[in-house]
Amino acid sequence: MPKNKKEDLLISDSGVKEDLNQRRVTAFVIICRILTIVLIILGVIAFLEGNFCLLS
Amino acid sequence: MESLKRRTYEVIEASHEGDRSSKAYDILMTTAVIVGMIPLTMKKDNFYTMIIELLTAIIFLIDYCARVYTADYKMGYKNIKAYIAYVLSPLAVFDFLSLLPIIYIFFPVSSVIGLLKLFRIFRILKLIRYSKTMVIIANVIRKVKSQLIAVLILIVIYIFVSAMLIFQLEPDLFDDFFAALYWATISITTIGYGDITPTTNIGQFITMISALVGVAVIALPTGMITAAYMNEISKKKSKYEL
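Residues numbered from 1 in each chain as written. Chains lettered and ligands numbered in written order. Predicted model: local features only at pLDDT ≥ 70, side-chain atom pairs only at ≥ 80, totals over all residues.

Considerations on the confidence of the model for chain B
Residues and elements named next belong to chain B. A residue-level look at chain B finds 95% of positions with pLDDT of 70 or above and a mean pLDDT of 85. Averaged over each element, pLDDT in chain B is lowest for helix 8 (residues 111-114) (66) and highest for helix 11 (residues 177-188) (92). Our summary of model confidence lists the complex with pTM equal to 0.72 and ipTM equal to 0.71. (pLDDT = per-residue confidence, 0-100. Helix = DSSP H or I, 4+ residues; strand = E, 2+ residues; numbered from the N terminus.)

Right under this line is the structure:
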């Protein structure tokens, strides 16, 4: 009977094991960066619109 | 579950070398704080400021919830007291106050609620967490807190005494006691706008004394903070040299 432990890892036939944790980190970093960029763009537009009326 | 909590704590606190998530989060929070201040530079809100307000409010709300959730790690002990102690700590109180402008987004009904927008200014205090120098300055102020409070009390007493004196000696010059307090504050800080000028000799004499006392007393906190800051810096230097 095969021994199944919690810490056992299933390796795919190709030999490449995708680290789920690493993918989560990358997704989190991407979301943070997108939000940062969106905020910067909105900030610049709001400042120009509110103080110089350049966009209207 | 506990590992998720620990990881959340690591991410929301100031980043360490090589921690990509924490660094990205720190940059996002710093940007949100700075961009969140932009609506305060305008007379009227526009469409973009409303989006900024909504977006930053959601970010700060999530940040606040995450900080309360990981309060036991922050405080260093694991029971309900840690959560209560954290919620009542100065930075957490300022975090909570900075969330209040959210109410204005959903209920922009009265001018009193409109004043809540001013609480955005508390968001700037969030930056303290993300700068090591800011942390040093905060520690320095905490160390000389009692001396600073003593000097502040001295200044307030002097302002009240000189305001009472000038209010009695030159009653025509001031409409009310608040104007006298304003004059005393402007004189002691040696700013001297010149909008209220004493005309009698005794009034001018009190002004001269106020200016001289001001030079001595107002310089005291600056000296205290500078001395404590230099002390902290030299301590850090000697720690690395040893």
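Moving on from the coordinates now.
Re unusual backbone geometry
All names here are of chain B. Look at T190: it is not a glycine, yet its phi comes out positive at around 60 degrees. Summarising the element assignment, T190 is placed in the loop between helix 11 and helix 12 (201-241). Take T190: there are 14 C-beta atoms within 10 Å of it, and that puts it in the partly exposed class. (Buried ≥ 20, exposed ≤ 12 C-beta atoms within 10 Å, placed from the backbone.)

Examining the domain arrangement of chain B
Looking at the assigned domains, one finds that chain B contains domain 1 (2-130) and domain 2 (146-241). Here the C-alpha centre of domain 2 of chain B lies 35 Å away from the C-alpha centre of domain 1 of chain B. (Domains from an automatic or database assignment.)

Concerning the interface of chain B and chain A
Taken together, the contact pairs 18 residues of chain B with 17 residues of chain A. Listing elements by their share of the side of chain B that touches chain A, those giving two or more residues are helix 2 (20-37) and helix 3 (47-69) of chain B. Looking at the side of chain B that touches chain A, the element that brings in the most residues is helix 2 of chain B, giving nine residues. Residue composition of the side of chain B that touches chain A, by class: 12 nonpolar, five polar and one charged. (Contact = placed C-beta atoms within 7 Å. Nonpolar A, V, L, I, M, F, W, Y, C, P; charged D, E, K, R; others polar.)

Observations regarding the packing of helix 1 (residues 2-12) of chain B against helix 2 of chain B
All names here are of chain B. Interhelical geometry of helix 1 versus helix 2 gives an angle of 50 degrees and a closest axis separation of 7 Å. What the angle tells us is that helix 1 and helix 2 run oblique. Residues E10, V11 and I12 of helix 1 lie in contact with helix 2, whose contacting residues are S21, S22 and Y25. Partitioned by chemical class, the residues of the contact of helix 1 with helix 2 number three nonpolar, two polar and one charged. (Axes fitted to C-alpha atoms, helices over the stretch in contact; angles between N-to-C directions. Parallel < 35°, antiparallel > 145°, perpendicular 65-115°, else oblique.)

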